[in-house]
Amino acid sequence: MMLTTDPALDHVTGVLNRHAGLQAAHRVLSESNAEHSHSAILWLGLDRFRQVNQSFGHVAGDHVIAVIARRIRATMPACCEVSRMGNDEFICLLPGVDTTEAELLAHNLLTVIEAPLSIGDIQFRPSASIGIALHFYQEDVLVFLERSERAMAEAKRQGGNRCIVSGTEPVPGRVGILLAREELAIENDLHTALETGGLMLNYQPIIGVDGSIEAIEALMRCKANGRQISPGKFIPVAEKTGLIVRLGEWSLLQGARYAALLQSIGMPTKVSINVSRLQLISPKFTQAVHAALICANVAPELIELELTESLVMDTSEIVQTNLRSVRNIGIGLAIDDFGTGYSCLATIKDIPATKLKIDRAFVCVLPEDRRAFAVVRAITQLAQELGMTVVAEGVETQDQLDSLKQAGVDAIQGFLQAAPMTEDALRTWLHDRKMQ
Ligand code: C2E
Ligand code: MG
Ligand code: MG
């Protein structure tokens, strides 16, 4: 791993990160417009990278990415700006280069990348797919980037290890283009929100069937450029672009601070914070959790982390080590949205989780769906026998609540009792409840 503190650089490869890459594209293209000169771009995606990650783990994956980045840097001319755009994708911005030169460079790159590299005692032959686009005078930067990415996707579709020049591949449907643009707009909004204080956490109570407050869940909200974006939209984009790591660290710290505040005013309440895959596969995860606890000066028992089912079941060593070490500190672990993944019941016994949250999909069909009821009751029993607290998510009606009580769940979360609310509103809500 590269040791860099420069926020514009990707820490695995040392080339520009996605945000800095997009800024570089804006700069190069405005110069190219001003000078009426050519500019080309290569969008490179590694073939079969997911297999590398799955079979050898993320550390080996990072090693492969770092080697490929070095090969790209060594092959490209000095004027070329190289950036890492995502997991296994890079762009090379080539000012003053026309299509013929760009094709030549792309073919060279394919040859250089193909040299075998070692993962442990196995020799791996990487290959890549490259999309090439030449910038039209005054063409929008995002449209230009999209064209090269689409050409790369077509090169992949044709079997990989090849390059395709934009304009020669089939044109995607309008819906596909609109979706890609919306994602780029959301990514931009997320950066703005991070820079302008547009992020905030709302909190939703999780209430025991006996009326006690089990915990409150921190749910992120994002407002940027005058519009509110729902987590259903911005979380997937943050995950895809890697921004989720910064967002996640921010919500850890904010959530921990709020837990400390509630404790200081005599209403100690456990705060449950959602954690994403990219955070959990980072070797720095435990450190980030420690830092949040120390900065907020809060006891670990007042913090709980929510992880999706597939993430908790991930058997890779880094995930399991991170899960164990946060458990060892005394932080609770909740399995979120349980029932939407495909976990094998046998592995549930090995998970260090303290809480299981049954997904809304089971709850919203209650009480009519007797089969769903049977599943909820069985899961509840199993999880309780394994020592976990069972929460039902998305409870909206009294009938659902009655049915869930009958199934034996410990606590519920849903609009029936309380919707997510701002810090101040929740403080008042807790206070009023205490007074009752
Ligand atoms: P989740 O963790 O399963 O959170 C519960 C979601 O269900 C929340 O949606 C909440 O507002 C909604 N909800 C609560 N009660 C009800 C109900 O009675 N009926 C219905 N229909 N919905 C209910 P929200 O806030 O839109 O968040 C959606 C998802 O975004 C979350 O699902 C979580 O996976 C993700 N998310 C939110 N904040 C963060 C965060 O800080 N970090 C990460 N990694 N993910 C987050
Ligand atoms: Mg959650
Ligand atoms: Mg959930």
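Values in this document were obtained by computation on a predicted structure and should not be read as measured data.

To continue, consider the overall build of the chain. Each helix and strand in the chain was counted, giving 16 helices and 16 strands. Scaling as 2.2 N^0.38, a compact globule of 436 residues should have a C-alpha radius of gyration of about 22 Å, and the chain matches this with 25 Å. Seen along its three principal axes, the alpha-carbon backbone of the chain occupies a region of about 75 × 50 × 45 Å. Counting only residues that meet the buried cut, the chain has 50% of its 436 residues in that class. Within the chain, contacts between residues at least 6 apart in sequence are counted, and of these 68% link residues at least 24 apart.

The computed volume of the second largest pocket comes to approximately 1,000 Å³. Around the second largest pocket, the lining comprises 38 residues; the ones closest to its centre are Glu217, Leu219, Asn274, Asp336 and Asp337. Its residues placed into classes, the lining of the second largest pocket shows 15 nonpolar, 12 polar and 11 charged.

Around a metal, the perfect tetrahedron of four donors has angles of 109.5 degrees, and the perfect octahedron of six donors has angles of 90 or 180 degrees. For the magnesium ion (ligand 3), the full set of protein donor atoms is Asp336 (OD), Asp337 (OD), Glu393 (OE) and Glu393 (OE), at a range of 2.0 to 2.7 Å. The motif formed by the donor residues of the magnesium ion (ligand 3), counted along the single chain, is D-D-x55-E. Taken as an interatomic distance, the gap from the magnesium ion (ligand 3) to the magnesium ion (ligand 2) is 3.9 Å; Asp336 donates to each of them. For Asp337, a relative accessible area of 24% gives the class partly exposed.

The next thing to look at is the site of ligand 1. The full set close to ligand 1 counts 22 residues, and Glu217, Arg221, Asp336, Glu396 and Phe415 are the nearest of them. Gln204 has a polar side-chain atom sitting 3.0 Å from a nitrogen atom of ligand 1. Between ligand 1 and Asp336 there is a distance of 2.9 Å, counted from an oxygen atom to a side-chain nitrogen or oxygen. When the free accessible area of ligand 1 is taken as 800 Å², the share hidden by the protein chains comes to 81%. Residue assignment for the shell around ligand 1 shows that the elements contributing at least two residues are strand E9 (213–224), helix H7 (231–241), helix H8 (244–264) and strand E13 (332–338). A total of 4 residues in the shell around ligand 1 trace back to one element, the largest contributor, which is E9. The residue makeup of the shell around ligand 1, split by class, is 8 nonpolar, 6 polar and 8 charged.

Attention now moves to the packing of H8 against helix H16 (residues 423–435). Running from N to C, H8 and H16 point in directions that differ by 35°, and their axes come no closer than 12 Å. Our pair here, H8 against H16, has a crossing hand that is right-handed. Of H16, the residues touching H8 (which contributes Tyr258, Leu261 and Leu262) are Glu423, Leu426, Arg427 and Leu430. Looking at the contact of H8 with H16 residue by residue, the class counts come to 5 nonpolar, no polar and 2 charged.

What follows covers unusual backbone geometry. For the bond from Leu366 to Pro367, the omega torsion is 0°, close enough to zero to count as cis. In this structure, Pro367 sits in the loop between helix H13 (360–363) and helix H14 (370–385).

Judged by side-chain charge, Glu368, Asp369, Asp399 and Asp402 come together as a negatively charged surface patch. Mapped onto the elements of the fold, Asp399 is located in helix H15 (residues 398–407). Judged by relative accessible area, which is 48%, Asp399 ranks as partly exposed.

Right, let's get into the nonpolar core. If you look at the biggest cluster of nonpolar residues, it comprises 78 residues, and the most contacted ones within it are Val298, Ile303, Leu305, Leu356 and Leu404. Filtering out sequence-adjacent residues up to four positions away, Val298 remains in contact with Ala256, Ala259, Ala260, Leu293 and Ile303. If you look at the next biggest cluster of nonpolar residues, it comprises 36 residues, including Leu46, Ala60, Cys92 and Leu109.

This paragraph deals with H14. Taking 1.5 Å per residue, 16 residues should reach 22 Å; H14 reaches 23 Å between its end C-alpha atoms and fits that length. For H14, the complete set of buried residues consists of Ala372, Phe373, Val376, Ile379, Thr380 and Ala383. All buried residues of H14 project into a common sector of 130° when viewed along the axis, lining one side. Within H14, the exposed residues directed more than 90 degrees away from the buried face are Arg371 and Glu385. Buried residues along H14 sit in contact with E13, strand E14 (355–358), H13, strand E15 (389–392) and H15. Where H14 starts, the residue carrying a side-chain oxygen 3.1 Å from the main-chain nitrogen of Arg371 turns out to be Asp369.

Across the 12 residues of E9, 9 count as buried, placing the element largely inside the fold. Taken together, strand E8 (residues 199–208) and the strand that follows it, E9, pair antiparallel across an intervening segment of 4 residues, in which Gly211 is found at a positive phi of about 95°. Note that E9 and strand E11 (residues 271–274) share 3 bridges and pair parallel. What sits directly across from Ala218, in E11, is Ile273. Here E9 runs beside strand E10 (residues 227–229); their pairing, made up of 3 bridges, is antiparallel. Bridge pairing in E10 places Lys223 opposite Gln228. Linking E9 to E10, which pair antiparallel, is a turn of 2 residues; within it Asn225 sits at a positive phi near 45°.

Turning our attention to the domain arrangement of the chain. By convention, interface size is frequently given as the accessible area that disappears when the constituent parts associate. In terms of domains, the chain is made up of domain 1 (18–171) and domain 2 (184–191 + 198–435). For domain 1 versus domain 2, the distance between C-alpha centres works out to 38 Å. Across the contact, 6 residues belong to domain 1 and 6 residues belong to domain 2. Counting the surface domain 1 buries against domain 2, the share from its top three residues, Arg18, His19 and His58, is 68%. Connecting domain 1 to domain 2 are 1 salt bridge. Arg18 is paired through a salt bridge with Glu187; the nearest N and O atoms lie 2.7 Å apart. Run the count over domain 1 and domain 2 and you get 3 residue pairs in polar contact (both at pLDDT 80 or more). The greatest single-element share of the side of domain 1 that touches domain 2, amounting to 3 residues, is contributed by helix H1 (residues 18–35). The class makeup of the residues in the side of domain 1 that touches domain 2 is 2 nonpolar, 2 polar and 2 charged.

Conventions used here
Throughout this document, residue positions are counted from 1 along each chain, in the order its sequence is written. Think of it this way: whatever chain is written first is A, whatever ligand is written first is 1, and the rest follow in order. Residues qualify for local features only when their pLDDT is at least 70, as the model is predicted, and side-chain atom pairs are given and counted only at 80 or more; totals for whole chains, interfaces and linings, by contrast, use all residues. Hydrogens are left out, water is left out, and the side-chain values use all remaining heavy atoms of the structure. Working definition: helices are DSSP H or I runs of at least four residues, strands are E runs of at least two. Numbering for both runs from the N terminus. Radius of gyration: C-alpha atoms only; globule rule: 2.2 Å multiplied by the number of residues to the exponent 0.38. Relative accessible area decides the class of each residue, using a 1.4 Å probe on protein chains only: under 20% of the type maximum gives buried, over 50% gives exposed, and in between gives partly exposed. Note on definitions: a residue-residue contact is assigned when non-hydrogen atoms from the two residues lie within 4.5 Å. A pocket here means an open set of points on a 1 Å grid, computed over the protein atoms alone, that has protein on both sides within 12 Å along at least five of seven lines. A cavity is instead a set of points where a 1.4 Å probe fits but cannot get out; residues with an atom within 4 Å of a point line either one. Grid points are joined across faces, edges and corners, and a volume is the space filled by probe spheres set on the points. Note that Gly is not counted as nonpolar here; it falls among the polar residues with everything else outside the nonpolar set of Ala, Val, Leu, Ile, Met, Phe, Trp, Tyr, Cys and Pro and the charged set of Asp, Glu, Lys and Arg. Coordination shells were defined by N, O and S atoms within 2.8 Å of each metal, extended to 3.2 Å for Na, K and Ca; water is absent from the atom set, which can make sites look incomplete. For each residue, the test is whether any non-hydrogen atom lies within 4 Å of the molecule or strand; if one does, the residue is near. Under the rule applied, a polar contact is a pair of N or O atoms within 3.5 Å (in protein, one hydrogen donor and one hydrogen acceptor; residues adjacent in sequence only if both atoms are side-chain atoms). Here the accessible surface of atoms and residues is derived via Shrake-Rupley with a 1.4 Å probe, and residues count as covered only by protein chains that are part of the display. All axes are obtained by fitting lines to C-alpha atoms, using only the stretch in contact for helices, and the reported angles, taken between N-to-C directions, cover 0 to 180 degrees. Helix crossings get a hand from a simple test, with the near helix turned counterclockwise from the far one by less than a right angle marking a left-handed crossing and a clockwise turn marking a right-handed one. Like charges within 9 Å and nonpolar side chains (Val, Leu, Ile, Met, Phe, Trp, Tyr) within 5 Å are joined into patches, using only residues over 30% in relative accessible area that form no salt bridge. For this document, the term salt bridge refers to a Lys or Arg side-chain nitrogen within 4 Å of an Asp or Glu carboxyl oxygen. By the counting rule applied here, Lys and Arg register as positive and Asp and Glu as negative, while His and the ends of each chain are not counted. A single reference atom marks each charge: NZ on Lys, CZ on Arg, CG on Asp, CD on Glu. In plain words, nonpolar cores are sets of buried Ala, Val, Leu, Ile, Met, Phe, Trp, Tyr and Cys residues tied together by side-chain atoms within 4.5 Å. Expected span of a helix, by definition, is 1.5 Å for each gap between consecutive residues, and there is one gap fewer than residues. The arc in question is the one traced by the directions running from the helix axis out to the C-beta atoms. For two strands to be treated as a pair, DSSP must find no fewer than two bridges joining them. Segment limits for the domains were obtained from an automatic or database-derived domain assignment. The term buried area means the drop in 1.4 Å probe accessible area that two parts suffer when joined, counted for both and summed.

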